Amino acid sequence: MLIKSHKDGFSHPASNEITPQRVYEGRRDLMKLMATGVAGAAMASMAVRDARAQVARPGKLAALAGAKSNVPGAVTMEKLTAYKDITSYNNFYEFGADKGDPAENAHTLKTTPWSVEVEGLVKKPARYTLEDLLKLSTQEERIYRHRCVEGWSMVIPWVGYSLSELIKKVEPLGGAKYVEFVTLDDPKTMPFVGSRVLDWPYVEGLRMDEALHPLALLSFGLYGEVLPNQDGAPVRLVVPWKYGFKSGKSLVKIRFTDKQPATAWNKAAPAEYGFYSNVNPDVDHPRWSQATERRIGEDGLFAKRRKTLMFNGYEPQVGQLYAGMDLKKYF
Ligand code: MTE
């Protein structure tokens, strides 16, 4: 991505801002939340605080136990990336531009109460609370390759269900051609919202047929546990055949529209980040090759880079969506 330096408007919090006081307050919040019965979410945010140091685990929630998926392509036998890496090497610019920033800073994100507004060209617009969303369909485990446009990748056991389940419920109108995903932009809890790197909120979009593809996942957890804040709690999108930035975190609005949404990175640097952003080893980023990737957890000086696969290896499942399209033009 565009990694902006301090000069460009980022100023990272000093390390002494992460104080034991905050940890103490977090524990107190946890006690409160336990009393109100949302212990799972609270434990997740506690895991956020501790992720870098000792990788505390938020614990399983029954709703997120997740049966294995039958969706073609939704499971890979590749070695899973360690929980510690998935939760401490992140992109979540609302919490800072460095990979470690989200794990350090995202404890301020307040994930309860939470709701997602579904609006635009649909027969049944509605505001779904997180609880409604969790119950809307059966949670499954999907083991997906996760490829960032920057050239690194992971293998993540997400928990969730196909976005299409929600789309079917709200009944899009005939004119709905695209789906826009708007994520939270709360300067009170997200210290880097307002930084000049992006025009906030972080917005992403899919064409309707992409959004309806069964591999497009609405995710609530990983490793059978609630999503840690830095991974996009409490609900995020995962589109495994596209570069990671298409997978918006901490969703608050899903809007059905007849126009291609203006997406955050595309607005920031249109020559570098296209609307489609399908993983494609043959189309380089203007500033670097996309032919290979580094699997997180396999680094070390001599670790070999892996060859990046067309559509991140999901070509048999999604290739048809792009039949006849010039993928160099529609990158
Ligand atoms: N969503 C929001 N709201 N803000 C972000 O900065 N970063 C994107 C995407 N979703 C981002 C976001 C990018 S660039 C990537 S690679 C993935 O989240 C990273 O997901 P991960 O940190 O869970 O691996």
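Here is what the cut-offs are and how they apply
Residues numbered from 1 in each chain as written. Predicted model: local features only at pLDDT ≥ 70, side-chain atom pairs only at ≥ 80, totals over all residues. Heavy atoms only, no water. Helix = DSSP H or I, 4+ residues; strand = E, 2+ residues; numbered from the N terminus. Phe/Tyr/Trp six-rings, centres within 6.5 Å; stacked < 30°, edge-to-face > 60°. Buried < 20%, exposed > 50% of the residue type's maximum accessible area, 1.4 Å probe, protein only. Lys NZ or Arg CZ within 6 Å of the ring centre and 35° of its normal. Near = heavy atom within 4 Å. Polar contact = N/O pair within 3.5 Å; in protein donor to acceptor, adjacent residues only side chain to side chain. Areas by Shrake-Rupley, 256 points an atom, 1.4 Å probe, with all protein chains shown as cover. Pairing = 2+ DSSP bridges. Axes fitted to C-alpha atoms, helices over the stretch in contact; angles between N-to-C directions. Contact = heavy atoms within 4.5 Å.

**Section: unusual backbone geometry**
Negative phi characterises most residues that are not glycine, and trans characterises most peptide bonds. Cis geometry marks the peptide bond from threonine 112 to proline 113, where omega comes out at -5 degrees. Position of proline 113 relative to the elements: it lies in the loop between α4 (101-105) and β2 (115-120). Going from alanine 233 to proline 234, the amide bond is cis rather than trans, its omega being -5 degrees. With respect to the helices and strands, proline 234 occurs in the loop between β9 (225-226) and β10 (236-238).

**Some words on the packing of aromatic side chains**
Inspection of the entire model under this criterion finds 13 aromatic pairs. Ring centres 5.8 Å apart and planes at 85 degrees place the aromatic pair tyrosine 178 and phenylalanine 275 in the edge-to-face group. Of this pair, tyrosine 178 sits in strand β6 (residues 178-183) while phenylalanine 275 sits in the loop between α8 (264-268) and β12 (292-295), placing them 97 residues apart in sequence. Per residue, the accessibility class of tyrosine 178 equals that of phenylalanine 275, and both read buried. Aromatic pair tyrosine 276 and tyrosine 330: ring centres 6.1 Å apart, planes at 80 degrees, arrangement edge-to-face. Taken together, the residues tyrosine 276 in the loop between α8 and β12 and tyrosine 330 in the segment after α9 (315-318) connect sequence positions 54 residues apart. Through a chain of ring-to-ring contacts, three or more aromatic side chains come together here, namely Tyr178, Phe275, Tyr276, Phe311, Tyr322 and Tyr330. In this arrangement the basic side chain of arginine 145 is found over the ring face of tyrosine 314, its NZ or CZ atom lying 4.9 Å from the centre.

**Some remarks on the site of the ligand**
Surveying the vicinity of the ligand reveals 18 residues, the closest of which are Tyr93, His146, Arg236, Ser247 and Lys249. In the environment of the ligand, an oxygen atom lies 2.9 Å from a nitrogen or oxygen atom belonging to the side chain of asparagine 90. The separation between an oxygen atom of the ligand and a polar side-chain atom of histidine 146 is 2.7 Å. Relative to its free-state accessible area of 530 Å², the ligand is covered by the protein chains to the extent of 100%.

**What about the sheet that holds strand β3 (residues 126-129)?**
What the five strands build is an open sheet, ordered β3-β2-β11-β6-β7; its pairing is mixed. Of all strands in the sheet, those with a lone pairing partner are β3 and β7 (203-207), marking the two edges. This sheet shows a mean twist of 20 degrees between the axes of neighbouring strands, independent of strand direction. Pairing of β2 with strand β11 (residues 251-257), which is carried by four bridges, proceeds in the parallel orientation. Note that in β11 the partner of glutamate 117 across the bridge is lysine 253. Packing against the sheet, helix α6 (residues 163-170) makes contact with β2, β3, β6 and β11, and its axis sits at approximately 60 degrees to β11.

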